[in-house]
Each structure stands twice: as C-alpha cells, then as structure tokens.
Amino acid sequence: MIYLENIGRYFLMLKSVFSKMTKWSMLRNLIFKEIDDLIVGSMGIVCFISFFVGGVVAIQTALNISNPLIPKYLVGFATRQSVILEFAPTFISIIMAGKVGSFITSSIGTMRVTEQIDALEVMGVNSLNYLVFPKIVALSLYPFVITIAMFLGIIGGWLASIYGGFSTSADFVQGLQIDFIPFHVTYAFVKTFVFSFILATIPSFYGYYMKGGALEVGKASTTSFVWTSVVIILINYIITQLLLT
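Since the model is a prediction, treat every value here as computed from it, not as a measurement.

What counts and what doesn't
Residues numbered from 1 in each chain as written. Predicted model: local features only at pLDDT ≥ 70, side-chain atom pairs only at ≥ 80, totals over all residues. Heavy atoms only, no water. Helix = DSSP H or I, 4+ residues; strand = E, 2+ residues; numbered from the N terminus. Buried < 20%, exposed > 50% of the residue type's maximum accessible area, 1.4 Å probe, protein only. Contact = heavy atoms within 4.5 Å. Areas by Shrake-Rupley, 256 points an atom, 1.4 Å probe, with all protein chains shown as cover. Lys, Arg positive; Asp, Glu negative; His and termini not counted. Charge placed at Lys NZ, Arg CZ, Asp CG, Glu CD. Axes fitted to C-alpha atoms, helices over the stretch in contact; angles between N-to-C directions. Parallel < 35°, antiparallel > 145°, perpendicular 65-115°, else oblique. Left-handed = near helix turned anticlockwise from the far one by under 90°. Patch = residues over 30% accessible without salt bridge, like charges linked within 9 Å, V, L, I, M, F, W, Y side chains within 5 Å. Salt bridge = Lys/Arg side-chain N within 4 Å of Asp/Glu carboxyl O. Phe/Tyr/Trp six-rings, centres within 6.5 Å; stacked < 30°, edge-to-face > 60°. Lys NZ or Arg CZ within 6 Å of the ring centre and 35° of its normal. Expected span 1.5 Å × (residues − 1). Arc of directions from axis to C-beta.

Q: Honestly, the overall build of the protein chain in this entry has me stumped. Any pointers?
A: Regarding its fold elements, the protein chain presents ten helices and zero strands. Along the protein chain, helices (α) and strands (β) appear in the sequence α-α-α-α-α-α-α-α-α-α when read from the amino end. Its C-alpha atoms give the protein chain principal-axis dimensions of about 70 × 40 × 35 Å. Across the 245 residues of the protein chain, 43% fall into the buried class. In the protein chain, the share of contacts with a sequence separation of at least 24, taken over all contacts with a separation of at least 6, comes to 86%. As presented, the protein chain carries roughly 12,400 Å² of accessible surface, and 71% of it is formed by carbon and sulfur atoms. Each charge class in the protein chain can be summarised by its mean position, and for the 14 positive and 11 negative side chains these summaries are 4 Å apart.

Structure follows, in structure tokens:
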C-alpha cells in the first residue's frame, strides 16, 4: 500500500508544482541557477563517458565480425544505432539519475531537515513551485545534453575504428549513412524529454517528503536514484513499444 500512497502523493505534488506560481523575477534567477547546477555541471561527465563508450561499442562490434563476408561498414552502422537508440538517451539518463537526482534529493532534503521549507510556507510561498518548477524548466534543456552525447559517442567510435585499425574512415561513414531512419532521432528525443521530467520530479519528491535528520537525507538520495532508474527503464520500454513497433 505504501507504493500506491507514494504514487498518489507524487501526482498531488505535481499538481501543487504548477499552481500558485512564484513571481517571475524570482523564478528567473532560480532557473538560471538550476541550469548551471544541473545542465552545465553535468557536461563534463557526460562528454567523458559518451566519447569512450562510443569507442568501446565500435571496438567490440569490430572484434565480433570475424566473417570476411560481413561488410566493414557494419561497425559504423552498429555504433550509430547503439548510440542514438539506447546509449545516449537511456544510459546517460541513468547516470544522470545518480548525479543530478542525488543532488536534487540531497539539496531539497537538507532544506527540509533545516526547516527552510517550513519557513517558505510561513512566508506564503508555494514551496513546491519555488523548489521544483525551476528544476523542471532547467532540465527541459536536457535534450541538448543528449545531442552532445550522441555526437561524441559517434566521434569516439569513429576514432577508435580508424586508429585501432578496425575500419577505414570511408567505411565507417558509409555505415553511419546507410539505412538511416530520421524517426529514430525523433524517438530518442521523445524519450529524452520524458526522462528529463522524471529526473526533475522523482528526486524532488523524495527530497521534499523525507523525514528525519542527516542520515535520512542519504537514504532518501539512494532511494530516489533507485526509483528514478526503475521508472526510466519502464518508461523506456513503454515508449519503445509505442513508437517503434
């Protein structure tokens, strides 16, 4: 029953987030701060992981092509499909659930522990709108992060293929271009936009409704990461079933 209670409380939280809006002059500064913390602050780890995982995908694909009848451009094709369809939108989102999600939960949870949220309520401020809405707006730029991840993943695969001697540049580029379906990119960005909303709201939920002290803040961060990852994987399956079948 506690799961049903949390689901109901989550949707009631969303209703409160979009009601009784805070003054725009105040929200604007909060949004820019959240963009810096959640988007700009995550670019380093996203770029690093994307580049090297793209290279690993290309190398593993090349090493498993032992039949000389299989064309060499398959390395580029497999890298493109892996990066665009799953790696960039889903794998990076789970990593972001750990980095961004834990940050959101711990920051809001600390405000709950130190009674700053109670102070906002006393002043007549809608604390959910004040705390959660800027995060939702900031993470609406998350598709930009995934675009960078796609680009660097493919570049990493291209460099690994060429300098590892697994494929020529012409073969790899041919693989990138062959049988390209533009809707796959649309599908990836639809997933990314949904994931961005999940990354902003579920960690906020666990931070806002936590009870206890500093130890419970850590537990709430762990719980939010687990459930954010679970929901991302479930939503990934549902969207894939709806859009690609």
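Q: Looking at this structure, how should I read the packing of helix H2 (residues 24–39) against helix H6 (residues 127–138)?
A: In a packed pair of helices, the relevant descriptors are the angle between the two axes and the axis-to-axis distance. Put simply, H2 and H6 touch, their axes get as near as 8 Å, and they point 55° apart. Overall, the two elements H2 and H6 adopt an arrangement that is oblique. Of the two possible hands of crossing, H2 and H6 adopt the one that is right-handed. Facing Met 26, Leu 27, Leu 30, Ile 31, Glu 34, Ile 35, Leu 38 and Ile 39 of H2, the residues of H6 in contact are Asn 129, Tyr 130, Phe 133, Pro 134, Lys 135, Val 137 and Ala 138.

Q: What is the right way to look at a nonpolar patch on the surface in this model?
A: Taken together, the side chains of Ile 181, Phe 183, Val 190, Tyr 237, Ile 238, Leu 242, Leu 243 and Leu 244 define a hydrophobic patch exposed on the protein surface, amounting to about 720 Å² of accessible area. Take Leu 243: it is sitting in helix H10 (residues 214–244). According to the relative accessible area criterion, Leu 243 is partly exposed, its value standing at 32%.

Q: What is the right way to read the packing of aromatic side chains from this model?
A: Under the criterion given, the structure shown has ten aromatic pairs. Measuring from centroid to centroid gives 5.0 Å for Phe 48 and Phe 52, while their planes differ by 55°, and the two rings are tilted. Highlighted residues: Phe 48 and Phe 52, both in helix H3 (residues 43–63), separated by four residues, approximately one helical turn. With a relative accessible area of 47%, Phe 52 lands in the partly exposed category. Feature note: the residues Tyr 10, Phe 11, Phe 205, Tyr 206, Tyr 208 and Tyr 209 constitute an aromatic cluster, connected by ring pairs. Taking NZ or CZ as reference, Arg 9 lies 5.2 Å from the ring centre of Tyr 209, over its face. Residue placement shows Arg 112 over the ring face of Tyr 208; its charged tip is 4.6 Å from the ring centre.

Q: So what exactly am I meant to see when it comes to helix H1 (residues 2–17) here?
A: Because an α-helix packs 3.6 residues into every turn, residues spaced three or four apart end up facing the same way. Its 16 residues give H1 an end-to-end C-alpha distance of 22 Å, which sits within 8% of 22 Å, the value for a rise of 1.5 Å per residue. Within the span of H1, buried status applies to Tyr 10, Met 13, Leu 14 and Val 17. On an axial view of H1, the arc spanned by its buried residues comes to 100°, and they lie on one face. Opposite the buried face of H1, by more than 90 degrees, sit the exposed residues Leu 4, Phe 11, Leu 12 and Lys 15.

Q: Explain the side chain of His 184 here, please?
A: With respect to the helices and strands, His 184 occurs in helix H9 (residues 182–208). The class of His 184 is buried, set by a relative accessible area of 14%.

Q: Before we go on, may I ask you to explain the environment of Gly 8 in this structure?
A: Position of Gly 8 among the secondary structure elements: in helix H1. Take Gly 8: its relative accessible area is 32%, and that puts it in the partly exposed class.

Q: Teacher, can you tell me more about the pattern of salt bridges here?
A: If the charged atoms of two oppositely charged side chains come close together, the side chains can form a pair. Within the structure shown, the criterion is met by five salt bridges. Taking the shortest distance from any N to any O, the salt bridge between Lys 135 and Glu 34 comes out at 3.0 Å. Note that Lys 135 is positioned in helix H6 and Glu 34 in helix H2, a separation of 101 residues in sequence. An identical accessibility class is assigned to Lys 135 and Glu 34; each is buried. A salt bridge links Asp 118 to Arg 112; the nearest nitrogen and oxygen atoms lie 3.3 Å apart. For Asp 118, a relative accessible area of 36% corresponds to the partly exposed category.

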